[in-house]
Amino acid sequence: MSEELETAGPNGEQIEYWSGEAGDRWVAAREALDPALEPFGLAAMDAAGAGPGERAIDIGCGCGATTLELARRTGPMGSVLGIDVSTSMLRWASGRAAAAGRQNTVFVNADASTYRFEEKAADLAYSRFGVMFFANPVEAFANVRSGLRRGARLGFVCWRALERNVWVSLPRDIALRHVPPPEPRDPFAPGPFAFADPDRVGRILDDAGFSGIDVAAHDAAMRQSGSLDEAVGFLVRFGPASRLIAGADETVKRAVEDEVRRAVAGLHDGGGVELDAAMWIVTARA
Ligand SMILES: C[S@@+](CC[C@H](N)C(=O)[O-])C[C@H]1O[C@@H](n2cnc3c(N)ncnc32)[C@H](O)[C@@H]1O
């Protein structure tokens, strides 16, 4: 696993972001993030299918939870390549795979949009929220396709519009009562909600050479397990609210946290808080 990635290319900003503060934050919060995201990732994995003996690619594999699940499903005769730009997340992922004795996993620190995959070798490319960060998504998906054999499957889960994802819109709206609104930004710029428009997702995959494209709505609850304080901590640490209050002083941060706590306190069921989440489960064939 190489340690340094080129940050001069079109994905440079995202590479720096995920290799730096964001990667560290994800590693630190993995025990909260993984169970919260697990059902969504499994829904996409079930839709894509992953069977014994298959070769899979996990795009933007992060801390490796889904890579290990793919490795379990593909079994000792199969293999999984986890690819990610974040050094800190990958370090965690490979440690986790070694601890679990998953010898059929390989992790590579590389940009999935330019990495030279073994040509036409994989049966499946999969991602849990790792494909919305490409500056040139058509080129990136065409590159992923180069590593897939003809007829191989693509399956991923990505977020629908922010407004439909109450787990981020609620803290974002509260933060906006305390800090100035951000500069308007291109809704298609790389970021968690860049794939909110299903027609755009379909066009990107079509232009990248995929066929049989299906973009299916998936509504679910985002469950943040633990105490009310833990749930509030999660809600203000991830998504747009965290970026809005990042530069604010401690009084403002505390005020936002208190308001989020009041807003969700009634939803805490003793074991956690559930808020609406909305995704696309996308499948296609190479
Ligand atoms: C929202 S996180 C999801 C991580 C992981 N799939 C999960 O569900 O826990 C997005 C991931 O995509 C990775 N990523 C962003 N741009 C990438 C690129 N061009 N190539 C490979 N990975 C990328 C990030 O480093 C990060 O790990």
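Residues numbered from 1 in each chain as written. Predicted model: local features only at pLDDT ≥ 70, side-chain atom pairs only at ≥ 80, totals over all residues. Heavy atoms only, no water.

Visitor: Tell me what's going on with the site of the ligand, and back it up with residues and numbers.
Guide: Around the ligand, a shell composed of 18 residues is seen, among which Gly60, Asp84, Asp111, Ala112 and Arg128 lie nearest. Asp84 places a polar side-chain atom, nitrogen or oxygen, 2.5 Å from an oxygen atom of the ligand. Ala112 is positioned with one of its backbone polar atoms (N or O) 2.9 Å from a nitrogen atom of the ligand. When the free accessible area of the ligand is taken as 600 Å², the share hidden by the protein chains comes to 97%. The residue inventory of the shell around the ligand, partitioned by class, reads 10 nonpolar, 5 polar and 3 charged. (Near = heavy atom within 4 Å. Polar contact = N/O pair within 3.5 Å; in protein donor to acceptor, adjacent residues only side chain to side chain. Areas by Shrake-Rupley, 256 points an atom, 1.4 Å probe, with all protein chains shown as cover. Nonpolar A, V, L, I, M, F, W, Y, C, P; charged D, E, K, R; others polar.)

Visitor: So what's going on with helix α11 (residues 250–265)? Which residues, and what values?
Guide: For α11, built from 16 residues, the straight-helix expectation of 22 Å at 1.5 Å per residue is met to within 8% by its first-to-last C-alpha distance of 22 Å. Buried within α11 are the following residues: Val256, Glu259, Val260 and Val264. Buried residues in α11, looked at end-on, bunch into an arc of 125°, giving them a common side. In α11, those exposed residues whose orientation departs by more than 90 degrees from the buried face are Thr251 and Arg262. Buried residues along α11 sit in contact with α7 (166–175), α9 (228–237), α10 (240–245) and β7 (272–285). (Helix = DSSP H or I, 4+ residues; strand = E, 2+ residues; numbered from the N terminus. Expected span 1.5 Å × (residues − 1). Buried < 20%, exposed > 50% of the residue type's maximum accessible area, 1.4 Å probe, protein only. Arc of directions from axis to C-beta. Contact = heavy atoms within 4.5 Å.)

Visitor: Describe the packing of aromatic side chains, with residues and values.
Guide: Per the counting criterion, the structure on display carries 15 aromatic pairs. Geometrically, the ring pair formed by Trp18 and Trp26 is edge-to-face, given 5.9 Å between the ring centres and 70° between the ring planes. Residue Trp18 is classed as buried on the basis of its relative accessible area of 13%. Judged by relative accessible area, Trp26 falls into the partly exposed class, the value being 23%. (Phe/Tyr/Trp six-rings, centres within 6.5 Å; stacked < 30°, edge-to-face > 60°.)

Visitor: Mind laying out the side chain of Asp58, listing which residues take part and the relevant values?
Guide: Considering the arrangement of structural elements, one finds Asp58 in strand β1 (residues 55–59). The buried charged residue Asp58 lacks any salt bridge, with Arg128 as its nearest oppositely charged partner at 7.6 Å. A polar side-chain atom of Asp58 sits 2.6 Å from a polar atom in the side chain of Thr66. Not counting residues up to four positions away in its chain, the partners in contact with Asp58 are Thr66, Thr67, Leu70, Val80, Leu81, Gly82, Ile83, Tyr126 and Ser127. (Lys, Arg positive; Asp, Glu negative; His and termini not counted. Salt bridge = Lys/Arg side-chain N within 4 Å of Asp/Glu carboxyl O.)

Visitor: Describe the pattern of salt bridges, and please don't skip the residues or the numbers.
Guide: For the structure shown, the criterion picks out 20 salt bridges. With a shortest N-O distance of 3.8 Å, Arg30 and Glu31 are connected by a salt bridge. On the basis of relative accessible area, Arg30 is assigned to the buried category, the value being 16%. Its salt-bridge partner being Arg72, residue Glu69 comes within 2.9 Å of it at the nearest N-O pair. With a gap of 3 residues between them, Glu69 and Arg72 both fall in helix α4 (residues 65–74), about one helical turn apart. Note on Arg72: relative accessible area 49%, which makes it partly exposed. What emerges from the salt-bridge pattern is a single network uniting Asp46, Glu69, Arg72 and Arg73.

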